[in-house]
Each structure stands twice: as structure tokens, then as C-alpha cells.
Protein chains: 2
Amino acid sequence: MKSAQNSKITLEHVAEMARVSRATASRVLTANPRVSPESRRAVERAARKLGYIPNHAARALATGHSDAVALVISEPTSLIFGDPFFPRLIRGIGEVLAARDKQLILLAPQSGTDMDRLERFVAAGHSDGVLLVSLHGVHPLPGRLAARGIPVVVGGRPAEADLFTYVDIDNVGGAFAAVTHLAARGRRSITTISGPQDMPPGRDRLLGYRSALEAEGLPLDEGAEESADFTQEGGERAMRRLLERRPSLDAVFAASDLMAAGALRTLAESGRRVPDDVAVVGYDDDPVAASSSPPLTSVRQPIEEMGREMARLLLDAMHAPRRVILTTELQVRLSSGRATEAM
Amino acid sequence: MKSAQNSKITLEHVAEMARVSRATASRVLTANPRVSPESRRAVERAARKLGYIPNHAARALATGHSDAVALVISEPTSLIFGDPFFPRLIRGIGEVLAARDKQLILLAPQSGTDMDRLERFVAAGHSDGVLLVSLHGVHPLPGRLAARGIPVVVGGRPAEADLFTYVDIDNVGGAFAAVTHLAARGRRSITTISGPQDMPPGRDRLLGYRSALEAEGLPLDEGAEESADFTQEGGERAMRRLLERRPSLDAVFAASDLMAAGALRTLAESGRRVPDDVAVVGYDDDPVAASSSPPLTSVRQPIEEMGREMARLLLDAMHAPRRVILTTELQVRLSSGRATEAM
DNA sequence: ATAAAGTGTGGAACCGCTCCCATGAAATCC
DNA sequence: GGATTTCATGGGAGCGGTTCCACACTTTAT
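All of the points below concern the structure found in this document. Note that the structure is a prediction, hence the values are computed from the model and not measured. (Residues numbered from 1 in each chain as written. Chains lettered and ligands numbered in written order. Predicted model: local features only at pLDDT ≥ 70, side-chain atom pairs only at ≥ 80, totals over all residues. Heavy atoms only, no water.)

Residues Leu71(A) and Leu71(B) are the most contacted members of the largest nonpolar core, which totals 51 residues. Ignoring sequence-local partners within four residues, the contact set of Leu71(A) consists of Ile90(A), Ile93(A), Leu104(A), Ile105(A), Leu106(A), Leu107(A), Leu131(A) and Val133(A). Listed in part, the 21 residues of the second largest apolar core include Ala228(B), Leu249(B), Val274(B) and Val280(B). (Core = buried A, V, L, I, M, F, W, Y, C linked by side-chain atoms within 4.5 Å. Buried < 20%, exposed > 50% of the residue type's maximum accessible area, 1.4 Å probe, protein only. Contact = heavy atoms within 4.5 Å.)

Okay, here's the thing in C-alpha cells:
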């Protein structure tokens, strides 16, 4: 019944056509140097002519590896597809992997069942290594994979940092730069809308805020700190509370652009002008940052680079746990002050 | 050097522990009925005890199939991750596939090179079938895959419709319902912002608009039609042109919510009240629809169901080309008229 | 009772590839 | 010039499953 169309061209056929043994043909296709130029050419011609494509399963079985890498995003699909973080990350990872001829497999476990399925998937040999992002809290997965001897690289500092190889972006430094920028523009009452304090990025950005104030000789003030959940609504509410407590504030550093956007709304409602009365700096350099009004000064994270670095790390995953910390870049726009203002 | 950790547990080990042959052990694990209850239990126990996980490559090599299905989205990653269409589609596909224990592999070819890579990937046996969405124009891929004997199901009617198995959503019907709804609310000068006319959905929604007018006995009027590119800005401009040509219009049907949102902006600028002066209906039931002001009446597409149907179709892909057309549903909100108005 | 059909099982071939090892020819050495 | 090394090559043994086939043993029909 089945269309015997181009019924499977195997290495055997190629070898036959090239008048060499299967072993020699295999050497040519695996770039083994011990082949005479004639044989090489003959095999290459035959392979091209027949449209030969090596059978993945057979190769994987013989070599013991699949030449594929899994990217595991443990986040609800709806979130994955809303956040510009992931396309950037994937682009970075994809670049490096493509150059090394590895296949990227995207996995988004949604449930505990999916997690188990995932472990079997990897253990069954589908992928040679795993890239893990947006882990929440202490997660069993990286440990279990590691126990099976499967290389894992985590994106973003995990809770048990010293156990795993990971790549992180310098959240403290990013926040520090943002707040220093505000201080340099002459702001003296700099408040912050921090992220959730049970997430490393949330904590680190608050730390960066504080140490920048200290470095600038500005007083630390608990009343100038308000935390929210990275959403716009959360930002609006937090800004309202800050205005109540510190009506004379002249700057806000928000730990995400969404929260910054919320802050902008609240500020507008309360009649404050941005940046004349209050300067605002966000975080992430989300597309919303450039299109908000006024355009938002923001901390840009090297997410593509993080992807690249994760992929690189995984590829030479035989090494002992390593870590890489990347630095951010401040995107200055109108929201933090007039362009003519002194730097 | 390599950690010989739990050095690969094979079927051989399981068989040994269960005191049966490898053949019998295999029968148990492939749900072959010709096994005695005792053997079955013994094998199951041994497998569990050893934490046995079948090697994928070996199984694929022996059976000739991989139990995986590729979803190919030929769209820039940035677009994929912006559009709520894809998570919904993936959810639908995932449901059906998970129930049948198939693995979903996401592929997003970005270039011609990627396309070639993709073909090799599938031909190499990584996946048993391909789901294809957002094809633009006449695309060589489905044909080439089909020529290799690989089952393909296309999402959205392809240009060469009768060659492939596909699932589509009834764009004509959706537009028809939207326009009928407007007419039922007493609107008489119903204009439309149509999508690009080189895309089937763009064309079909315009057709639906026209046939609804006809059905309602309203005159067709070329001046009441303006096409745009599915974006908000395009919608704004198109609305402006419509207002110039037909200042007395009392309704607009936009072929996407983004364009409808643009139309709302232009209408507000021109001082028209929605829905009192002009009723508006969009398409897609995008999240922006519910949060725009006023909330947008829109055509909701059964995207999850489309995913499910695509997966089902692929799974029994031995059949002759088939097609399935799904119907839409009108989401009535404020933009198309007061709730108290007569239906 | 004897033949026929049905059951559970193990041996072994096979899927398509890689790679170790033995072999013979050519190149290098003393 | 003979011994040794180098090199390309083919044979063949796996990799870890599935499945055909033959076999011994029951069960059922005649």
C-alpha cells in the first residue's frame, strides 16, 4: 500500500555506486581524514546523485548521541509567547547550535506529567544535553538530569547556584547603572518599584538600587521602596503608594518596563510631568519601552548573548560547573530627563 | 572519563532479571497480547525496578518511525512570539499528540538554508509527519515533503488547495456573521477595512462582507471598501480614507482586531462616538479586543480546535487528501452597539 | 485416540550506521 | 634490498530494539 516512492536510500547504495565498501563511504560522510581523494570524490558524487540522507536513528544508535539539544522552558505557553525574552534567547541559542549542526528541540512542560515525560524523553536519548530557563524556586529537574549524567546549563541563576553550570545577567549592575544615571541627572529623591523579592532578579535589582544610592551618598529610605509583580497594574498601584508616602519624589527606578509603564500612567493621572517633575527608568528594554510616552529609558539585557553563551557552555559540557555573568547596557531615552540636560 | 553512572539499562538487562528472553520482554513493552500473565508481570516488575527507559534510536531504527511530529512555523521568531495565535494552536495540537504519546517538535525555519535543513531533518527520520502553518504564497515545501512520502497537513488553506490535506477556518462565514450582526443592529452604511488581497484570509473575509450585504439587500459600494495590512497603523489610515469618502458611514467591519483598534483611534480623533455614531466589529478576538475602549465585538476563531483537527488528520494520514473547515463565533461587545438595542 | 489448531516462547535476522581490526600495498628506513 | 612503518580499505562486530519463524506444548475438533 505504502508508496515505495524513493524507497530509502542507504549508505549501502551509495557505497555500491561509488564502488567502495560501506566503511569507506561512512568515513567520507563523517569527515574522517583517512580516505583517498578518489574514494572521497566518488562517494560524494554518488551521495549527491542519489540524494542520500543519513538515517538519524541508525547514526544515533551507533554513535550513542543524537546531535540534538533540548531547550526547556517551564512556563505556561501563554506566557512564553507573550514575552519578547524568549525569541531573543532562542535566536542566540539557535545561532550557536546551527553553526555546530545541532538540532534545537523546544520543550515547554506544562504539568508534572510533562516533567516526567520530559525526563524520559531526554533519558531515551532524544537529546544530548538540556538548556533550562525560567526555573522557579528550587526545582528537582536539573538535579535529576545531572544524576543521569546528562549535561545541563541553566539560564538565570538557579536557587542552588553552586551545583549547576549557569549563565546569568548582572542584575545588580544593571540596576546600579540605572540609578547612577538618575543621580547624575541631579535627582535626589530616587524611589524604586522593585520586583518580587522571592525571585533572584527581583532581589538583585533592589540590591543594585541600594548600592547605587550608597555610592552616590544618597540616604537609604525604606519608604522609597515598593515591590510589585512585574506587571503594569502592579506598577500603577506601587507608584500610587510611593506618591502617597513620598509626594516630593523626583525619580523612579522600576525593575521592569511593564511596571515602569504602569508608573507612567499613575504619574500622568496625578498630574506629574515626566521627566520634568519625575524621571523614570525601566528595565528589560521591552518593545513597549520605546513606544511609551515619553519613551522609556531602560536597562537592556544581552539576551541573545546569554543564549549563545548557554549553548557554548553546553557544547563543552564536560567541564566542571562554570558560570558566566553578562553585563547590561542603559538605553537612555526621554523619560529620565531632557537630552540637553547635563550628563 | 565519562561517568559510567547508571550505565545504560537495556532491554537485555530487563529480560535477564525477569528470566525471559529479550523477545518476550519486548513483547511486553510493546503491548503485544501474546504473552502469558506471569511473564508480563515479571517483565513489568523488572523494568520498573531497573528504571528502564527504551532507547529511542534503537526503537526508531527497528520500527522505521520516530513517534514524533514536527510543527513547522515559517515565520520570523519575533512574529511567532507576538501572536496569540500560536500558543492556542500549539495547545490544541499538543493535546491530541500527548494523548497518542507522540512528541511535538517545534521548528521555525528563518531562511532558505533552514528550509533545506528542515527537509533533511524530516527525511532523516526525525519526525513521521509534518504540520505546516502560515505558509506564504505558493510554497515548495509541502510538495517536496509529499514527494518524499511524508504526510503533511497544512493549517490554513494553501494556495494550491486541492493538492494537500488542510484545515481551515471559515473566513467567509466569519465575516458574513459580523456584517449580518451590524445590519441587524440597524446599520445601513457598513464599510470594511479588508486585509491584504493576496492572502486567502484577506480575500475570504472581504467576500463574506460582500455576500452579507447582498443577503441583507444592502447595496455593494466599492467606495466603502478599503484594504490594509492587518496592522493598527494600517487600520488608522484606512479608516481615515473611508471617512473622507463616506462621511456618513455608520459601521465598520475590520478584518483584524489590530486594524479595528486603529479604526477606533481614528474614529475618536474625528469625534465619532463608538458605537453611537459608528459601530465597529473586528476579527480574531485578540486579547486587545476585550481591553480596547470600547470593548470590541469580534469574530472568534476556533484555533485550538484547528490544532486538534490538524493533529488528528496527520495521525491518520494514510487517507486521501481531506479537508476540514471550522466555523467561527461572534463575540458581541460594546463596540457594535448598546446591549439594549434590538437584536 | 489422533489430527488440527492455537499459545507462549526463544533464537536469530534485521533496521542503517560507526568503528575496530586485519590486510595488502605503498612509502620510508637502515 | 629487506625490514618496518604508513595508509587506504574492506570485513564484520556491535549499537538496542522489533519481529519473523520454528518449536514445544496445550487445547479443541473429529
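Often, the extent of an interface is quoted as the loss of accessible area on bringing the components together. Facing the 37 residues of chain B at the interface are 36 residues of chain A. Summed over both partners, the interface of chain B with chain A comes to about 3,100 Å²; 59% of that surface belongs to carbon and sulfur atoms. Its largest share of buried area at the contact with chain A, chain B owes to Ile53(B), Phe81(B) and Gln103(B), together 22% of the area lost on that side. Here chain B is connected to chain A by 2 salt bridges. Measuring nitrogen to oxygen at the nearest pair gives 3.7 Å for the salt bridge that ties Arg117(A) to Asp101(B). Here chain B and chain A share 4 residue pairs in polar contact (both at pLDDT 80 or more) between them. Secondary structure elements with two or more residues in the side of chain B that touches chain A: α4 (56–63), α5 (77–80), α6 (85–99), β2 (103–107), α7 (112–123) and α8 (140–147) of chain B. (Buried area = accessible area lost by both parts, 1.4 Å probe. Salt bridge = Lys/Arg side-chain N within 4 Å of Asp/Glu carboxyl O. Polar contact = N/O pair within 3.5 Å; in protein donor to acceptor, adjacent residues only side chain to side chain. Helix = DSSP H or I, 4+ residues; strand = E, 2+ residues; numbered from the N terminus.)

It is worth spelling out the relation of the copies chain B and chain A at this point. The transform that puts chain B on chain A rotates by 180° and translates by 0.0 Å along the axis, for an RMSD of 0.2 Å. With respect to symmetry, the two chain copies, as superposed, fit the operation of a two-fold axis. Comparing interface residues between copies, 97% of those in chain B also lie at the interface in chain A; the contact surface is shared. (Least-squares fit on C-alpha atoms with pLDDT ≥ 70 in both.)

So, on to the protein's contact with DNA strand C. Taken together, 27 residues lie around DNA strand C, and Leu11(A), Ser26(A), Tyr52(A), Arg27(B) and Ser39(B) are the ones closest in. When the atoms of DNA strand C within 4 Å of the protein are grouped by moiety, sugar and phosphate amount to 59% of the total. A distance of 2.8 Å is found between a phosphate oxygen of DNA strand C and a side-chain nitrogen or oxygen belonging to Thr24(B). Within the backbone of Ala62(B), an N or O atom sits 3.5 Å from a base oxygen of DNA strand C. Counting residues per element, the ones that place at least two in the surface near DNA strand C are α2 (22–29) and α4 (56–63) of chain A together with α2 (22–29) and α4 of chain B. Sorting elements by how many residues they give to the surface near DNA strand C places α4(A) first, with 5 residues. Here the residues of the surface near DNA strand C sort into 12 nonpolar, 9 polar and 6 charged. (Near = heavy atom within 4 Å. Nonpolar A, V, L, I, M, F, W, Y, C, P; charged D, E, K, R; others polar.)

A word on the protein's contact with DNA strand D. The environment of DNA strand D is made up of 26 residues, and the closest members are Arg27(A), Ser39(A), Leu11(B), Ser26(B) and Tyr52(B). Protein-proximal atoms of DNA strand D, defined as those within 4 Å of the protein, fall in sugar or phosphate at a share of 56%. At a separation of 3.3 Å, a base nitrogen of DNA strand D approaches a polar side-chain atom of Arg22(A). Here a phosphate oxygen of DNA strand D and a backbone polar atom of Asn55(B) are 3.4 Å apart. Going through the elements one at a time, α2 and α4 of chain A together with α2 and α4 of chain B are the ones with two or more residues in the surface near DNA strand D. In terms of residues, the surface near DNA strand D owes the most to one element, α4(B), which gives 5 residues. Class assignment of the residues belonging to the surface near DNA strand D gives a composition of 11 nonpolar, 9 polar and 6 charged.

All right, on to the environment of Val299(B) then. Residues and elements named next belong to chain B. Position of Val299 relative to the elements: it lies in strand β10 (residues 297–300). Judged by relative accessible area, Val299 falls into the buried class, the value being 1%. Measuring from C-alpha to C-alpha, the distance between Val299 and Leu89 comes to 17 Å, with 210 residues separating the pair along the chain. In this view, Val299 contacts Gly174, Ala178, Gly282, Tyr283, Asp284, Asp285, Thr328, Glu329 and Leu330; residues no more than four positions away in its chain are not counted.

Overall, the coordinates contain 5 aromatic pairs over all chains when judged by the stated rule. Seen in terms of ring centroids, Phe85(B) and Phe86(B) are 5.1 Å apart; in terms of plane orientation they differ by 90°. Their pairing is edge-to-face. Among the residues examined, Phe85(B) registers a relative accessible area of 22% and is labelled partly exposed. Taking the relative accessible area as the measure of exposure, Phe86(B) reaches 3% and is therefore buried. The aromatic ring of Tyr283(A) is capped on one face by Arg205(A), whose charged end is 3.8 Å from the ring centroid. (Phe/Tyr/Trp six-rings, centres within 6.5 Å; stacked < 30°, edge-to-face > 60°. Lys NZ or Arg CZ within 6 Å of the ring centre and 35° of its normal.)

Tallied over the full model, the rule gives 47 salt bridges over all chains. A single salt-bridge network, built from bridges that share partners, covers Glu95(A), Glu305(A), Arg308(A), Glu309(A) and Arg312(A).

All names here are of chain B. Their axes nearest at 7 Å, the elements α6 and helix α14 (residues 303–315) cross at an angle of 40°. Between α6 and α14, the angle falls in the class oblique. Considering the relative orientation of α6 and α14, their crossing is right-handed. Between α6, through Phe85, Arg88, Leu89, Arg91, Gly92, Ile93, Glu95, Val96 and Leu97, and α14, the contact on the second element is made entirely by Ile303, Glu304, Met306, Gly307, Arg308, Met310, Ala311, Arg312 and Leu315. In terms of residue class, the contact of α6 with α14 is made up of 10 nonpolar, 2 polar and 6 charged. (Axes fitted to C-alpha atoms, helices over the stretch in contact; angles between N-to-C directions. Parallel < 35°, antiparallel > 145°, perpendicular 65-115°, else oblique. Left-handed = near helix turned anticlockwise from the far one by under 90°.)

Moving on: the sheet that holds β10(B). Strands belonging to one sheet form pairs held by backbone hydrogen bonds; the direction of such a pair is parallel or antiparallel. Residues and elements named next belong to chain B. Taking strand neighbours across the sheet as the criterion, the 6 strands line up as β7-β6-β8-β9-β10-β12 in an open arrangement whose pairing is mixed. Two strands bound the open sheet, and with one partner strand each, they are β7 (225–227) and β12 (329–331). Each strand of the sheet is rotated relative to its neighbour by a mean of 20°, with strand direction disregarded. In the packing of helix α9 (residues 171–184) onto the sheet, the strands contacted are β6 (190–194), β8 (251–254), β9 (279–284), β10 and β12, and the crossing angle to β9 comes to about 165°. (Pairing = 2+ DSSP bridges.)

A separate point is empty space enclosed by the protein. Scanning all chains against the criterion turns up 1 cavity of 30 Å³ or more. Computed from the structure, the largest cavity encloses a volume of approximately 140 Å³. Together, 16 residues line the largest cavity, and His56(A), Ile105(A), His126(A), His56(B) and His126(B) are the ones closest to its centre. Listed by contribution, the elements that provide at least two residues to the lining of the largest cavity are α4 of chain A together with α4 of chain B. For the lining of the largest cavity, a count of residues per class yields 8 nonpolar, 8 polar and no charged. (1 Å grid on protein atoms, 1.4 Å probe; cavity = no way out; pocket = protein on both sides within 12 Å on 5 of 7 lines; lining within 4 Å. Points joined across faces, edges and corners; volume = space filled by probe spheres on them.)

Attention now moves to the environment of Arg144(B). All names here are of chain B. Along the chain, Arg144 falls in helix α8. Taking C-alpha positions, Arg144 is 39 Å from Ala238, a pair spaced 94 residues apart along the chain. Residues in contact with Arg144, not counting those within four places in the same chain, are Asp116 and Glu119.

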